[in-house]
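Per-entry structural report
Given next are the chains, with one letter for each unit.
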Amino acid sequence: MTADAGAPYADTAGRAVLETVRNYGVTAVFGIPGTHNLELYRPLADLGLRAVTNRHEQGSGYGADGWAQQTGLPGVVITTSGPGLQNAMSAIGTAFCESRPLLVISPGVALGAEFRDVGTLHETKDATAMVGAIAEWSRRVTSAAEAVDAVHDAFALFRTGRPRPVHIEIPLDVLEAPADVPTAARQARPAPAPVRGDAGAVRDAVKLLTDAARPVIVAGGGATRAGRAITALAERLGAPVVTTLNGKATVDEHHPLSLGSNLRLEAARTVAEDADVLLVLGSKLGEAELWAPRLEARGAVIRVDISAAQLHKNLDASVGIVGDCAAVVEELLAALPDEPRPPRDVTAERAEIATETAGILPETVALAETIAAALPHDAIVAGDSSQIVYMALANVLRQSCPHSLLYTPTYATLGYGLPAAIGAQVAQPAEGGRPVVAVVGDGALMFCVNELVTAVEQRLDLTVVCVDNGGYAEIKQNEVDRGIRPVGVDLVQPDWVALANAFGATGRRASNPDDIGSAITEAIAAGGVQLVHIPQDAGAQHPSTESSTPRGES
């Protein structure tokens, strides 16, 4: 059965699934219409769901990720069967690696047609198993009721567990058939109470923190929704806070106790390692977030995480607490002495971090400081695995609230920044929304440059800053360091300004170092889709023989 015959039913399984999604508060979906997923698109307008049509399903996944980070709800992606779903796989892998909530819905072959290998359109050997290899779970349902239940299960995971991507495959004959799912079954289920910590473990943690002379807090991506409580805890303890990149600005980075998202730098790691009690909130302390094999804590370690599997990962906990970070931190605050301790003066440590940052790639850091100074104080910045971001901007850009830097420090993919910025901008309210700026390298932008027209089509205010170093500069330096004559890393560049204009955006070139800041400021003020091209000779970035810790390409 196909959708070619029109709309035989007003209330299909497709509508039941999307209605359930809508009832959980989702207002936008990302994807590309295709022959097999039309019954997922039919109800969107009637349900009030905004359809964002990307130009590649990878961009749909990254757009949904950017939207999710702004709303606190899962991003939703609709793909067609076969290649459409496969195109989204990198985004699914990213969401798993970075612990991001993503719901992917796709059609599949009709019931009874599995594994027939007869050459039907988009035929895939086993789509559910394919996605299940990289997602938290992937299910092929057999009825509309089962599909709706899968949506409820997905939201239960997003609300109470470690957020990760899930996939629901709906056979085509099920998708297009009458739903036969009661309206009540499509309603959002009440959110359960946050998971609180074990009382004994909380008491043990409180004793350690009460007796500590030099406590330090490390906040990761799992702590970002607990920023207010963590700030109060830091002030109560007088404890400095350092975050991972996924935890950036959990505590306002202008706060006197904040050491920023600099756990990757030795100066910041030393502060954490020298603590007599280290409180780790919502982080697995992975090598990609540390730029070191592990964090060598010398004192007691308290770890709080929604997943028990994380409590001793990469660093053993003296006290491990399974629970929602916000709920557990509130429990700690309630049990600690009310009198706040004098705040630790971290002026010297902050200066050491700044010195270390500047020494990595001095020209790149200087450029990042220029870019950061030109951005509005409340800007949401989407980055890519580009040197300008992970070597510089992530360190020098001080932000006031979490999910203001959209980035993938562990998966370190190229092609993320622009579609993530689109998703973040779609999530902004019609009036009074925050400005969104994508800062990417030229190599990264070429992975997703097609999404410029998505931004134009969606009538977004979005500025893209393209820092052009002529290709894959760090990989070129890696080759040189290994005695390899550079190969495949010096890339032909398009006329970026003309390319932007061809997409219906406005292109600008900042050819003089003194023009970079004003070009960015003017682009943001002008509105619409803007691209600011910063060529190499305008002082962008250059390969450095001092660079270590390769993390990207452009």
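Residues numbered from 1 in each chain as written. Predicted model: local features only at pLDDT ≥ 70, side-chain atom pairs only at ≥ 80, totals over all residues. Heavy atoms only, no water.

A look at the state of the cysteines
Inspection of the entire model under this criterion finds 0 disulfides. Cys401 takes part in no disulfide bond, and the closest cysteine sulfur, belonging to Cys325, lies 18 Å away. (Disulfide = S-S within 2.5 Å.)

Observations concerning the packing of helix α4 (residues 57-71) against helix α6 (residues 89-98)
A pair of packed helices is characterised by two quantities: the angle between their axes and the separation of those axes. At a closest axis distance of 7 Å, the pairing of α4 and α6 adopts a crossing angle of 30 degrees. In terms of axis orientation, α4 runs roughly parallel to α6. Taken together, the residues of α6 that come into contact with α4 (itself represented by Gln58, Gly61 and Tyr62) are Ser90, Ala91 and Thr94. The residue inventory of the contact of α4 with α6, partitioned by class, reads 2 nonpolar, 4 polar and no charged. (Axes fitted to C-alpha atoms, helices over the stretch in contact; angles between N-to-C directions. Helix = DSSP H or I, 4+ residues; strand = E, 2+ residues; numbered from the N terminus. Parallel < 35°, antiparallel > 145°, perpendicular 65-115°, else oblique. Contact = heavy atoms within 4.5 Å. Nonpolar A, V, L, I, M, F, W, Y, C, P; charged D, E, K, R; others polar.)

With respect to the nonpolar core
Grouped together as the largest cluster of nonpolar side chains are 84 residues, with contacts concentrated most on Leu18, Leu103, Ile170, Leu445 and Val464. Broken down by element, the residue count for this core peaks at 9 residues, all from helix α8 (residues 144-160). If near-sequence neighbours (up to four positions away) are discounted, Val464 is found in contact with Leu418, Ala438, Val440, Leu445, Leu452, Gln530, Leu531 and Val532. Core analysis: the second largest hydrophobic core is formed by 55 residues, Val381, Ile388, Leu405 and Ala510 among them. (Core = buried A, V, L, I, M, F, W, Y, C linked by side-chain atoms within 4.5 Å. Buried < 20%, exposed > 50% of the residue type's maximum accessible area, 1.4 Å probe, protein only.)

Looking at the pairing of strand β9 (residues 277-281)
By the criterion of burial, β9 is predominantly enclosed, with 5 of the 5 residues buried. Pairing of strand β7 (residues 215-219) with β9 involves 5 bridges; the strand directions are parallel. Counted as the bridge partner of Ile217 is Leu279 from β9. With 5 bridges joining them, β9 and strand β10 (residues 300-305) adopt parallel strand pairing. (Pairing = 2+ DSSP bridges.)

What to know about the confidence of the model for the protein chain
Summary statistics for the protein chain give a mean pLDDT of 93 and a share of 95% for residues scoring 70 or more. Contacts of residues 1-5 to residues separated by more than four positions or lying in other chains number 8 contacts, the stretch itself having pLDDT below 50. In the predicted structure, residues 540-551 sits below a pLDDT of 50 and forms 42 contacts with residues beyond four places in sequence or in another chain. (pLDDT = per-residue confidence, 0-100.)

Considering the sheet that holds strand β2 (residues 50-53)
Spatial ordering of the open sheet is given by β2-β1-β3-β4-β6-β5, a layout of 6 strands whose pairing is parallel. At either end of the open sheet lies a strand with only one pairing partner, and these are β2 and β5 (137-140). Across this sheet, the average inter-strand angle for adjacent strands is 25 degrees, counted without regard to direction. In this structure, strand β1 (residues 28-31) lies alongside β2, joined through 4 bridges in parallel fashion. Looking at β2, one finds that Gly31 is bridged to Thr53.

Things to note about the side chain of Glu289
Looking at the element boundaries, Glu289 is found in helix α13 (residues 287-290). No salt bridge is formed by the buried Glu289; its nearest oppositely charged neighbour, Arg264, is found at 5.5 Å. At a separation of 3.0 Å, a polar atom in the side chain of Glu289 contacts the main-chain amide nitrogen of Asn246. Filtering out sequence-adjacent residues up to four positions away, Glu289 remains in contact with Thr244, Leu245, Asn246, Leu263, Arg264, Pro409 and Thr410. (Lys, Arg positive; Asp, Glu negative; His and termini not counted. Salt bridge = Lys/Arg side-chain N within 4 Å of Asp/Glu carboxyl O. Polar contact = N/O pair within 3.5 Å; in protein donor to acceptor, adjacent residues only side chain to side chain.)

Concerning unusual backbone geometry
Despite not being glycine, His403 has its phi angle at roughly 60 degrees, a positive value. Following the sequence through the fold, His403 ends up in the loop between α17 (387-396) and β13 (405-406). Looking at His403, the relative accessible area reads 13%, which means it is buried.

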